[in-house]
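Coordinate analysis (summary)
Spelled out from the first residue to the last, the chains are:
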Amino acid sequence: AQAMVAGDKRPHLVALLVPKDDWLKTWASKAGKPNDLAALADDDGLRKALSAAVERVNKELSNIEKVRRFIVATEPFSIDNELMTPTMKVRRHKIRKIYGERLDALYR
């Protein structure tokens, strides 16, 4: 549903992903897990399922454009949590403030 890609002046791109609500609900039901993004953000099964989608997108991109690693956000980007502007633009600086350490850890 939502993604933010980072990697300026880095060796490769990384991403912060938010899966679609209906997809997450279906996946959680099949996996026997709670339909709670915050609880599933670090779930290996969810990461594996999302990895298939990332690979599908990466097939159409050049090597420099491919997302090499990703993390899952604990909540969707919204105006209410100030991760998006009223004109629906991602506030990268706010996202980096919350998820910056986890995104940087993807380079280790």
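Look a little higher up for the structure.
This section reports on the structure supplied with the text. No experiment lies behind these values; they were computed from the predicted model shown.

Structural notes on the overall build of the protein chain
When its secondary structure is counted, the protein chain shows four helices and three strands. With the C-alpha coordinates aligned to their principal axes, the bounding extent of the protein chain is approximately 40 × 35 × 25 Å. For the protein chain, buried positions account for 33% of its 108 residues. The long-range fraction of contacts in the protein chain, counting pairs at least 24 apart against all pairs at least 6 apart in sequence, stands at 55%.

Considering helix 4 (residues 92-105)
Along helix 4, the sharpest change in direction is near 75° and occurs at Y99. Among the residues of helix 4, those classed as buried are I95, Y99, G100 and L103. On its buried side, helix 4 packs onto strand 1 (2-6), strand 2 (13-18) and strand 3 (67-72).

Let's talk about the pattern of salt bridges
Enumeration over the complete set of coordinates arrives at five salt bridges. Taking the shortest distance from any N to any O, the salt bridge between D104 and R10 comes out at 3.0 Å. You can see D104 sitting in helix 4 and its partner R10 sitting in the loop between strand 1 and strand 2, a full 94 residues away along the chain. Taking the relative accessible area as the measure of exposure, D104 reaches 24% and is therefore partly exposed. A residue is classified by how much of its surface remains accessible, and R10, at 37% relative accessible area, is partly exposed.

Focus: the pairing of strand 2
Strand 2 sits mainly inside the fold: five of its six residues count as buried. Pairing of strand 2 with strand 3 involves five bridges; the strand directions are parallel. What sits directly across from A15, in strand 3, is F70.

Quick notes on the rules
- Residue positions are given per chain, counted from 1 along the sequence in the order it is written.
- Only residues with pLDDT of at least 70 get local features here, since the model is predicted, and only at 80 or more are side-chain atom pairs given and counted; chain-wide, interface and lining totals rely on the full set of residues.
- To obtain the side-chain values, all non-hydrogen atoms of the structure were included, while hydrogens and water were left out.
- What counts as a helix is a DSSP run of H or I of at least four residues, what counts as a strand is a run of E of at least two, and both are numbered from the N terminus.
- Burial classes: relative accessible area under 20% of the type maximum marks a residue as buried, over 50% as exposed, and values in between as partly exposed (1.4 Å probe, protein chains only).
- By definition, residues are in contact when any of their heavy atoms lie within 4.5 Å.
- Two axes are fitted around each residue, one to the seven residues ending there and one to the seven starting there, and the angle between them is reported as the bend at that residue.
- The working definition used for a salt bridge is a side-chain nitrogen of Lys or Arg within 4 Å of a carboxyl oxygen of Asp or Glu.
- In this description, strands pair whenever DSSP reports at least two bridges between them.

In short, geometric facts, not functional conclusions.
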